[in-house]
Amino acid sequence: MLRPTETFPRTVLGTERLLVRPFTAADAPDVHEAWQDAAFVDGAPVGYPYAAADLATAVAWCTSGIEQRRLDGKGVGFALVPRAGGRLAGHVSLFGADWEARTAEIHYWTAPWARGRRYAAEGAAAVARWALTGCGLRRVHLQADTANVASRRTAEAAGFQFEGVLRSLAPTRQGTRADMAVYSLISEDLRAARRPVRG
């Protein structure tokens, strides 16, 4: 049973280029538009409820749905917003939190108008490091379709380590099955990165 303290705190993170903050109702039109994008829909897992979802669903998700996940201890979601101003750039979320094992999975997407700027990698790196250094997690992991080169590059740019491939793991919207590449970032990775090089 979850103890009351086993939830992610509500917070705002900062990176060089981004504010990584909770979603608000004002984000809903951009979220809705991103959910309609053909690349988003095609790459979404079978049964993913937000692929091509309507505006009312986006409003509910931004104002209460993603926050309820946090309150339930299951995860936390962040909007990626450029510090310089402009539209929502993307989303990073932790989900499937296992507070006994101290692990969670990470998910990210970039809005179509913000692609090519490595915002998802910057946001994912910030969220994963916050979870490992400030929230008591020991492992943050993700799965990416081996054919999704952009998602795999994002994972690597965010500092995640490739672990291997789970073959024929997930059904696709095209009627095939996808091999999924597994990546992780663990507490020891961060300590190793801070360790001075001797030579």
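Residues numbered from 1 in each chain as written. Predicted model: local features only at pLDDT ≥ 70, side-chain atom pairs only at ≥ 80, totals over all residues. Heavy atoms only, no water.

Q: In this structure, what is going on with the packing of helix α1 (residues 28-36) against helix α3 (residues 55-71)? I would like to understand it.
A: Helix-helix packing is described using two parameters, namely the angle between the two axes and the distance between the axes. Two elements in contact, α1 and α3, have axes separated by 8 Å at closest approach and are oriented at 125°. As summarised for this structure, α1 and α3 are arranged oblique, according to the angle between their axes. Handedness of the crossing formed by α1 with α3: right-handed. Contact residues: Ala28, Pro29, Val31, His32 and Trp35 in α1; Leu55, Thr57, Ala58, Val59, Trp61 and Cys62 in α3. (Axes fitted to C-alpha atoms, helices over the stretch in contact; angles between N-to-C directions. Helix = DSSP H or I, 4+ residues; strand = E, 2+ residues; numbered from the N terminus. Parallel < 35°, antiparallel > 145°, perpendicular 65-115°, else oblique. Left-handed = near helix turned anticlockwise from the far one by under 90°. Contact = heavy atoms within 4.5 Å.)

Q: Could you clarify how one ought to interpret the layout of surface pockets in this entry?
A: Here the idea is plain: a probe the size of a water molecule rolls over the atoms and shows the empty space left. Estimated volume of the largest pocket: approximately 1,400 Å³. As for the largest pocket, its lining consists of 47 residues, of which Gly43, His107, Tyr108, Asn148 and Ser151 are closest to the centre. Examining the composition of the lining of the largest pocket, we find that 6 residues originate from one element, strand β5 (residues 103-110), more than from any other. Considering only residue class, the lining of the largest pocket consists of 26 nonpolar, 12 polar and 9 charged. (1 Å grid on protein atoms, 1.4 Å probe; cavity = no way out; pocket = protein on both sides within 12 Å on 5 of 7 lines; lining within 4 Å. Points joined across faces, edges and corners; volume = space filled by probe spheres on them. Nonpolar A, V, L, I, M, F, W, Y, C, P; charged D, E, K, R; others polar.)

Q: Could you clarify how one ought to interpret the sheet that holds strand β1 (residues 13-14) in this entry?
A: Either a parallel or an antiparallel arrangement is found when strands of a sheet pair, and the pairing is made through backbone hydrogen bonds. Spatially, 8 strands are ordered β1-β2-β3-β4-β5-β6-β8-β7 in an open sheet, and the strand pairing comes out mixed. Strands with a single pairing partner mark the edges of an open sheet, and in this sheet they are β1 and β7 (161-171). (Pairing = 2+ DSSP bridges.)

Q: Sorry, what's going on with the pattern of salt bridges here?
A: A side chain with one charge can pair with a side chain of the opposite charge if their charged atoms come near. Scanning the entire structure with this criterion turns up 10 salt bridges. For the salt bridge of Glu122 with Arg17, the shortest nitrogen-to-oxygen distance reads 2.6 Å. Taken together, the residues span a long stretch of sequence, with Glu122 in helix α4 (residues 119-134) and Arg17 in the loop between β1 and β2 (18-21) at a distance of 105 residues. In this structure, Asp30 and Arg87 form a salt bridge, with 2.8 Å as the shortest nitrogen-oxygen distance. (Salt bridge = Lys/Arg side-chain N within 4 Å of Asp/Glu carboxyl O.)

Q: Which parts of the structure should I look at to understand the environment of Arg102?
A: Turning to its location among the elements, Arg102 is positioned in the loop between β4 (90-98) and β5. Residue classification places Arg102 among the partly exposed residues on the basis of a relative accessible area of 24%. Separated by 30 residues in sequence, Arg102 and Leu132 place their C-alpha atoms 9.1 Å apart. (Buried < 20%, exposed > 50% of the residue type's maximum accessible area, 1.4 Å probe, protein only.)

Q: Explanation requested: the packing of aromatic side chains in the structure shown.
A: The relative placement of two aromatic rings is captured by the distance of their centres and the angle of their planes. Applying the stated criterion across every chain yields a total of 11 aromatic pairs. An angle of 85° between the planes, with centres 5.9 Å apart, marks the rings of Phe40 and Trp109 as edge-to-face. Here Trp109 lies in strand β5 and Phe40 lies in helix α2 (residues 38-43), a separation of 69 residues in the sequence. Each member of the pair, Phe40 together with Trp109, is buried. Among the aromatic residues, those joined into a ring-pair cluster are Phe23, Trp35, Phe40, Tyr48, Tyr50, Trp61 and Trp109. (Phe/Tyr/Trp six-rings, centres within 6.5 Å; stacked < 30°, edge-to-face > 60°.)

Q: It is not clear to me how the nonpolar core should be interpreted in this structure. Could you clarify?
A: Note that soluble globular proteins tend to have their nonpolar side chains buried in a common cluster. One finds Phe8, Leu94, Ile106, Trp130, Val140 and Phe160 to be the most contacted residues of the largest nonpolar core, which totals 37 residues. Sorting the residues of this core by element identifies β2, β3 (76-82), β4, β5, α4, β6 (139-145) and β8 (177-186) as the ones contributing at least two each. Once residues within four sequence positions are removed from consideration, Val140 is found in contact with Leu94, Ala104, Ile106, Ala128, Ala131, Leu132, Phe160, Tyr183, Ser184 and Leu185. Counting 19 residues, the second-largest nonpolar core is a separate cluster that includes Ala28, Ala34, Ile66 and Trp109. (Core = buried A, V, L, I, M, F, W, Y, C linked by side-chain atoms within 4.5 Å.)

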